[in-house]
Amino acid sequence: MSDKRAIGVFDSGIGGITTLDKIYDLLPNEDYIYVGDTLNCPYGTRPKEEIEALVTNVANFLLKRDVKAIVIACNTATANSAHLKKLTNIPIIGVINPTADYAYKMSKNKNILVLATNATIDSNKYKERIERRLFKKGTRYYVKASEFVPVCEAQQMGTDYAMEVVSDKLKDLRDKNIDLVVCGCTHFGLLEKEIKANIPNANLIECGIPTGEYLKKVLNKKGLLNDSKEKGKITIYTTGDPEYVDSQIKWFTKEHENTKKIVL
Ligand code: DGL
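Another point: the sheet that holds strand β8 (residues 203-205). With respect to topology, four strands assemble into an open sheet ordered β6-β5-β7-β8, the strand pairing being parallel. Across the chains shown, the open sheet's two edge strands, defined by having one partner strand only, are β6 (140-144) and β8. Ignoring strand direction, the axes of neighbouring strands in this sheet form an average angle of 20 degrees. Relative to strand β7 (residues 180-183), strand β5 (residues 112-116) runs parallel, the two sharing four bridges. From the neighbouring strand, L113 faces β7, where its bridge partner is V181.

Throughout the structure, instances matching the rule amount to 17 salt bridges. Note that D122 is salt-bridged to K144, the shortest N-O span being 2.8 Å. Placement of D122 in helix α5 (residues 118-123) and of K144 in strand β6 is noted, with a sequence separation of 22 residues between them. In this structure, a network of salt bridges that share partners links the residues D3, R5 and D66.

Turning our attention to the layout of surface pockets. By volume, the largest pocket amounts to about 800 Å³. Looking at the largest pocket, it is lined by 32 residues, and the ones nearest its centre are I92, G94, N97, P98 and Y214. Sorting the residues of the lining of the largest pocket by element identifies α2 (48-64), β4 (92-94), α4 (96-106), α6 (125-131) and α10 (208-221) as the ones contributing at least two each. With six residues, α4 is the largest single contributor of residues to the lining of the largest pocket. Of the residues contributing to the lining of the largest pocket, the split by class is 15 nonpolar, eight polar and nine charged.

Turning next to the pairing of β6. Burial analysis of β6 places four of its five residues in the buried class, the great majority of the element. Of the strand pairs in this sheet, β5 and β6 are connected by five bridges, and their pairing is parallel. Across the sheet, the residue bridging to A116 is K144, located in β6.

Here we take up the packing of α4 against α10. Running from N to C, α4 and α10 point in directions that differ by 115 degrees, and their axes come no closer than 8 Å. Both α4 and α10 take part in a crossing whose hand is right-handed. Of α10, the residues touching α4 (which contributes P98, T99 and Y102) are I209, P210, T211 and Y214. Of the residues in the contact of α4 with α10, the class split is five nonpolar, two polar and no charged.

Reading guide: rules and limits
Residues numbered from 1 in each chain as written. Predicted model: local features only at pLDDT ≥ 70, side-chain atom pairs only at ≥ 80, totals over all residues. Heavy atoms only, no water. Pairing = 2+ DSSP bridges. Helix = DSSP H or I, 4+ residues; strand = E, 2+ residues; numbered from the N terminus. Axes fitted to C-alpha atoms, helices over the stretch in contact; angles between N-to-C directions. Salt bridge = Lys/Arg side-chain N within 4 Å of Asp/Glu carboxyl O. 1 Å grid on protein atoms, 1.4 Å probe; cavity = no way out; pocket = protein on both sides within 12 Å on 5 of 7 lines; lining within 4 Å. Points joined across faces, edges and corners; volume = space filled by probe spheres on them. Nonpolar A, V, L, I, M, F, W, Y, C, P; charged D, E, K, R; others polar. Buried < 20%, exposed > 50% of the residue type's maximum accessible area, 1.4 Å probe, protein only. Left-handed = near helix turned anticlockwise from the far one by under 90°. Contact = heavy atoms within 4.5 Å.

Dropping the structure here:
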């Protein structure tokens, strides 16, 4: 069986492109429709009801385009997406559970730092998933870091300002013997340099690989993989300024057309 329909992927902005990048490496023959809801970014400082409404709007846009699965490449949206099951029967793949499971596997001393938006940390979804394991050692730190999101959206990575914002957040965590930092927000991988400068002995994980592997498993099990031998097509939409988005994702080297504007 082969299903040629595209996979929908979305985030509040450009963070989810880091996830799409890794998913494409794992599933290069699939087509992808990406939505960055830039107009409404950030999600992570909004109340739950507002995030749920925004998530519904983006999901409806993707469902109208007949996608065969939706990857919520946004932790904040994932934490506020339980209601999507009522909209559709297609697989809805969130980033939190695969990433939390991967974190448990990858950490040796189980001193794990989860950095995420305020709304993701408030939802307790990472904590619930990680702490259901049996821990004989280590301490987990769940830290709200919504301040990092505008730094990424404004393309300030690599600046003194970015280092200042990240260092300020992480300064009290430097001596905790943390061996794994979870980027529990898909934007945060863009601040890898700043995070590593503060917690130099830790590995950093992002949502892309564990989520992509999980997606592949689900599509395979349901007979939804595309058996095409051609490279898949990537279409990117934004609710914000498409030219600005193109300037934000210059690092994204997978072939794609210029970003298109949508109104949701
Ligand atoms: N990239 C999003 C995430 O993974 C959140 C950014 C935002 O606050 O909108 O949570």
